[in-house]
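# Residue-level structural notes
Read off the chains here:
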Amino acid sequence: MGKIVLNSVRKSFGEVDVIPGVDLTIENGEFVVFVGPSGCGKSTLLRLIAGLEDTTSGAIVIDGSDATALPPAKRGLAMVFQSYALYPHMTVRKNIMFPLKMAGMDLAEATKRADAAASVLNLTNYMERKPGQLSGGQRQRVAIGRAIVREPAAFLFDEPLSNLDAALRVNMRQEITELHQSLKTTMIYVTHDQVEAMTMADKIVVLNAGRIEQVGSPMELYNHPKNTFVAGFIGSPKMNLIEGPEAAKHGATTIGIRPEHLEVVSEGGWSGVVGLSEHLGSDTFLKVTTDAVGTINVRAGGEVMLRHGDRVNLAPQANKIHRFGADGKALA
Amino acid sequence: MATQSSRATARLMVAPSVIVLFIWMIVPLALTLWFAFRIYRLLSPDRNGWAGFSNFLWYFNSPDFWLAISNTLVLVGGVLAITIVFGVLIALLIDQPVWGQGPLRILVISPFFVMPPVAASVWENLFMHPQNGLLAAGAIGLGMQPILFLEQYPMSSVIFIVSWEWLPFATLIFLTALQSLSSEQLEAAEMDGASALSRFRYIVMPHMTRAITVVVLIQTIFLLGIFGEIFTTTQGGPGSASTTLPYMIYKQAVIAKDIGRAAAGGIIAVILANIVAFFLMRSMGKHLDT
Ligand SMILES: Nc1ncnc2c1ncn2[C@@H]1O[C@H](COP(=O)(O)OP(=O)(O)OP(=O)(O)O)[C@@H](O)[C@H]1O
Ligand SMILES: [Mg+2]
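Cut-off values and rules
- Residues numbered from 1 in each chain as written.
- Chains lettered and ligands numbered in written order.
- Predicted model: local features only at pLDDT ≥ 70, side-chain atom pairs only at ≥ 80, totals over all residues.
- Heavy atoms only, no water.
- Helix = DSSP H or I, 4+ residues; strand = E, 2+ residues; numbered from the N terminus.
- Buried < 20%, exposed > 50% of the residue type's maximum accessible area, 1.4 Å probe, protein only.
- Contact = heavy atoms within 4.5 Å.
- Areas by Shrake-Rupley, 256 points an atom, 1.4 Å probe, with all protein chains shown as cover.
- Lys, Arg positive; Asp, Glu negative; His and termini not counted.
- Charge placed at Lys NZ, Arg CZ, Asp CG, Glu CD.
- Buried area = accessible area lost by both parts, 1.4 Å probe.
- Salt bridge = Lys/Arg side-chain N within 4 Å of Asp/Glu carboxyl O.
- Polar contact = N/O pair within 3.5 Å; in protein donor to acceptor, adjacent residues only side chain to side chain.
- Domains from an automatic or database assignment.
- Core = buried A, V, L, I, M, F, W, Y, C linked by side-chain atoms within 4.5 Å.
- Phe/Tyr/Trp six-rings, centres within 6.5 Å; stacked < 30°, edge-to-face > 60°.
- Lys NZ or Arg CZ within 6 Å of the ring centre and 35° of its normal.
- Near = heavy atom within 4 Å.
- Nonpolar A, V, L, I, M, F, W, Y, C, P; charged D, E, K, R; others polar.
- Axes fitted to C-alpha atoms, helices over the stretch in contact; angles between N-to-C directions.
- Parallel < 35°, antiparallel > 145°, perpendicular 65-115°, else oblique.
- Pairing = 2+ DSSP bridges.
- Patch = residues over 30% accessible without salt bridge, like charges linked within 9 Å, V, L, I, M, F, W, Y side chains within 5 Å.

Moving on, we get to the overall build of chain A. When helices and strands are tallied, chain A shows nine helices and 18 strands. Reported as C-alpha extents along the three principal axes, the dimensions of chain A are approximately 75 × 45 × 35 Å. Put simply, chain A has 332 residues, and 52% of those count as buried. A separation of at least 24 residues holds for 63% of the contacts in chain A among residues at least 6 apart in sequence. Counting only carbon and sulfur atoms, one obtains 50% of the accessible surface of chain A, whose full area is about 14700 Å². Averaging the locations of the 34 positively and 35 negatively charged side chains of chain A gives two centres separated by 6 Å.

Take a look at the structure:
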């Protein structure tokens, strides 16, 4: 079981309200991702749930019982830290068995569980090594192993992949997703990488300055961003947000159009000059300075062979235009 | 320094300093060795001729010698035990975020800046003195007899004074070690269900072993030669109760004016230091490797 409910949880460090008040329900077995720009309070929120920070006010309810005042060890949660936080003087085996030893489990049972975790995580051959003798990816797996042996109610991950190189990150991302599918345990995952958020999450929580901007499935957030912040944050390359007369034509203060929803047409639309073109093979990313709407990003097919200085006409797909009011909120 | 050539270069680069240090060390040692086998008494005219091993034998036959050896080892061991236990505890304490942390730390460190004879003098006259001392005043205030520290417990008193001087050093090293412990490791242990005591035992202490090794090795070197504190307070007495090897050598050199014997004592001290160093390195040296 691992249902976590936050009731107007607030956290302030001295004068500063880092989390002004958050309400959130995380269902049992869900993979929830917290995303947001740097400094928005993702780690703080996670640490509040873990019990590593005291809640200023509000309540954290885990599986129906109030856990706000419980120490971390009593909450039945396991955390994987960004720096892995392995114990450097212990072997991999001892690291993985440490929580079991602290729980007073007998050695035979603990060894059995550690071996099982090691075989799931492909660590069997490294059990007698120290963390210093492992690669980044292997250390990450040890940290996960140390978390899963306890069979926690939920896993908390704080940017676990940010120290890994791009290829390994994709790999570990898939491993963690698979782990979630086989364990079916609640996982809360903090990242500022929105590709991780989009690919892994059942539910994404977009945070901005300690506030929840929107909660929803990845596709919900992509298709129906509630406001300009979410619209600009989810999706890569970023959505183009256009103000002025073009927006007024659609009866909005701001309109948003994703780079992949702009088409290169022979005439009509917005005319402009290509500033930058990046050919990735499968896609071509263009930065176009238009006369009507300023500089916008375009994601065109790989076959588009435009270069710097070429003139193009761009047309947005009419049904993919997002409209936002003066307060930044989406218009129905 | 991983490759063959970089190692060779490194050796070449450090060679000059190694050579200078070696000469710096070997010349006095050779002179001491020379005098140790000579008859060289400042108070008598026969100052030449070989003494054979008689200078050394004098020590082994002297009833004070074994006492001095054991006093030396007791002093080193006692001070090490006190400074390490209390050093770790004080370091843990002043590592906590408290109001006035900066000045507090400076206060804790300050005994280290007091010169040994001054420190010993302060303790002897202001604290341990049976008439004027603060401790005596306290004892009298409680209706008890003042304790004659330097007469009845000379070794313990000397150990206490030396520990007071060296505690800041140990505390400082332990404090820096504590500060280099990542807080995430402690938090991870907390999440893993470790109590404060378990965190200390399984996370903090293993992290500190290297610092403790450094403190033991450095302090041992200095403590084997402790002299000023004894000279200022007990003068090796009562009788020979607090005479250590360095103090015994001093008595031969300065009081008896027998340079040959003093040199032989010096050689014995060097051998003793090497024996101690050998056992220390064997038992603790592995903690210095990464
Ligand atoms: N112990 C603290 N004392 C005071 N302010 C803090 C403390 N910890 C965090 N903050 C502040 O709280 C805010 C949120 O920090 P937090 O670490 O949660 O950000 P984050 O979203 O995890 O950012 P990042 O993506 O860079 O990790 C920041 O503005 C930070 O300066
Ligand atoms: Mg963070």
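A few words now on the interface of chain B and chain A. In this complex, chain B contributes 14 residues to the contact, which on the side of chain A involves 23 residues. Counting the surface chain B buries against chain A, the share from its top three residues, Met 191, Asp 192 and Tyr 202 of chain B, is 43%. At the boundary of chain B with chain A, the tally comes to three salt bridges. Put simply, Asp 192 of chain B and Arg 150 of chain A hold a salt bridge, and the shortest N to O gap is 3.9 Å. Linking chain B with chain A are six residue pairs in polar contact (both at pLDDT 80 or more). At the level of elements, α9 (183-191) and α10 (196-223) of chain B are the ones that each hand at least two residues to the side of chain B that touches chain A.

All names here are of chain A. Within the element layout of this structure, Glu 196 appears in helix α6 (residues 194-200). For the buried Glu 196, no salt bridge is present, and the opposite-charge side chain at shortest range is Arg 169, 4.5 Å distant. At 2.9 Å, the side chain of Glu 196 and the side chain of Tyr 189 are in polar contact. Here Glu 196 is in contact with Leu 161, Arg 169, Arg 173, Tyr 189, Thr 191 and Ala 201, once residues within four sequence places are set aside.

Now for the domain arrangement of chain A. Residues and elements named next belong to chain A. For chain A, the assigned domains are domain 1 (4-229) and domain 2 (237-324). Between the C-alpha centres of domain 1 and domain 2 there is a distance of 38 Å. Each side of the interface is counted separately: domain 1 has seven residues, and domain 2 has eight residues. For the pair domain 1 and domain 2, the summed buried area comes to about 520 Å², and 62% of that belongs to carbon and sulfur atoms.

Below, the discussion takes up the nonpolar core. The biggest cluster of nonpolar side chains holds 92 residues, and the ones touching the most others in it are Ile 4, Leu 6, Phe 34, Leu 77 and Phe 98 of chain A together with Phe 174 of chain B. With residues up to four places along the chain from it excluded, the contact list for Leu 6 of chain A reads Val 22, Asp 23, Leu 24, Leu 45, Ile 49, Ala 59 and Ile 60 of chain A. Formed by 43 residues, the second largest nonpolar core is a distinct cluster that contains Val 92, Ile 144, Leu 161 and Val 230 of chain A.

It is possible for side chains of opposite charge to pair when their charged atoms get near one another. All names here are of chain A. Applying the stated criterion across every chain, the model contains 18 salt bridges over all chains. Its salt-bridge partner being Glu 30, residue Lys 203 comes within 3.3 Å of it at the nearest N-O pair. Placement of the pair is Lys 203 in strand β9 (residues 203-208) and Glu 30 in the loop between β2 (16-26) and β3 (31-35), with a sequence separation of 173 residues. In terms of burial, Lys 203 and Glu 30 fall into one category: buried. Where Glu 109 meets Lys 112, a salt bridge forms, and the shortest distance between an N and an O atom there is 3.7 Å. Here Glu 109 pairs with Lys 112, and both are found in helix α3 (residues 107-120), just three residues apart, close to one helical turn. The class of Glu 109 is partly exposed, set by a relative accessible area of 29%.

Overall, the coordinates contain 29 aromatic pairs over all chains when judged by the stated rule. A ring pair is formed by Phe 227 of chain B and Phe 231 of chain B, whose centres lie 5.5 Å apart and whose planes are at 20 degrees; its orientation type is stacked. The exposure class assigned to Phe 231 of chain B is partly exposed, which follows from its relative accessible area of 35%. Across from the ring centre of Tyr 87 of chain A, 4.5 Å away, lies the NZ or CZ of Arg 146 of chain A, which sits over that ring. The ring of Tyr 222 of chain A has Arg 258 of chain A sitting right over it, with the charged end atom 4.1 Å from the ring centre.

What follows concerns the site of ligand 1. Residues and elements named next belong to chain A. Around ligand 1, the surrounding shell consists of Phe 13, Val 18, Ser 38, Gly 39, Cys 40, Gly 41, Lys 42, Ser 43, Thr 44, Glu 159 and His 192. Take Ser 38: an N or O atom from its side chain is 2.5 Å from an oxygen atom of ligand 1. Here Gly 41 contributes a backbone N or O atom positioned 3.0 Å from an oxygen atom of ligand 1. Computed on the free molecule, ligand 1 has an accessible area of 640 Å², of which 57% lies beneath the protein chains in the complex. When grouped by side-chain class, the residues that make up the shell around ligand 1 number three nonpolar, six polar and two charged.

On to the packing of helix α2 (residues 54-61) of chain B against helix α13 (residues 259-284) of chain B. Residue and element names in this part refer to chain B. One way to put it is that α2 packs onto α13 with a least axis distance of 8 Å and a crossing angle of 70 degrees. Between α2 and α13, the angle is such that the two are roughly perpendicular. Listed contacts from α13 to Asn 55, Phe 56, Trp 58, Tyr 59 and Phe 60 of α2 are Gly 260, Arg 261, Ala 262, Ala 264, Gly 265, Ile 267 and Ile 268. Its residues assigned to classes, the contact of α2 with α13 shows eight nonpolar, three polar and one charged.

All names here are of chain A. The strand order across the open sheet formed by four strands is β2-β1-β4-β5, and the pairing between neighbours is antiparallel. Strands at the two margins of the open sheet, each flanked by one partner only, are β2 and β5 (65-66). Looking at chain direction, strand β1 (residues 4-13) and strand β4 (residues 57-62) are connected through five bridges and run antiparallel. The residue bridging Asn 7 from the neighbouring strand is Ala 59, located in β4. Relative to β1, helix α1 (residues 42-50) is tilted by about 120 degrees, and along the sheet it contacts β1, β2 and β4.

For the rest of this paragraph, the subject is the environment of Ser 135 of chain A. All names here are of chain A. Along the chain, Ser 135 turns up in the loop between α3 and α4 (136-148). Overall, Ser 135 belongs to the partly exposed group, its relative accessible area being 36%. For the pair formed by Ser 135 and Leu 164, sequence separation is 29 residues and the distance between their alpha carbons is 9.7 Å.

Taken together, the side chains of Lys 94, Lys 101 and Lys 130 of chain A together with Arg 201 of chain B present a region of like positive charge at the surface. With respect to the helices and strands, the residue Lys 94 of chain A is situated in helix α2 (residues 92-102). Classification of Lys 94 of chain A as exposed rests on a relative accessible area of 54%.

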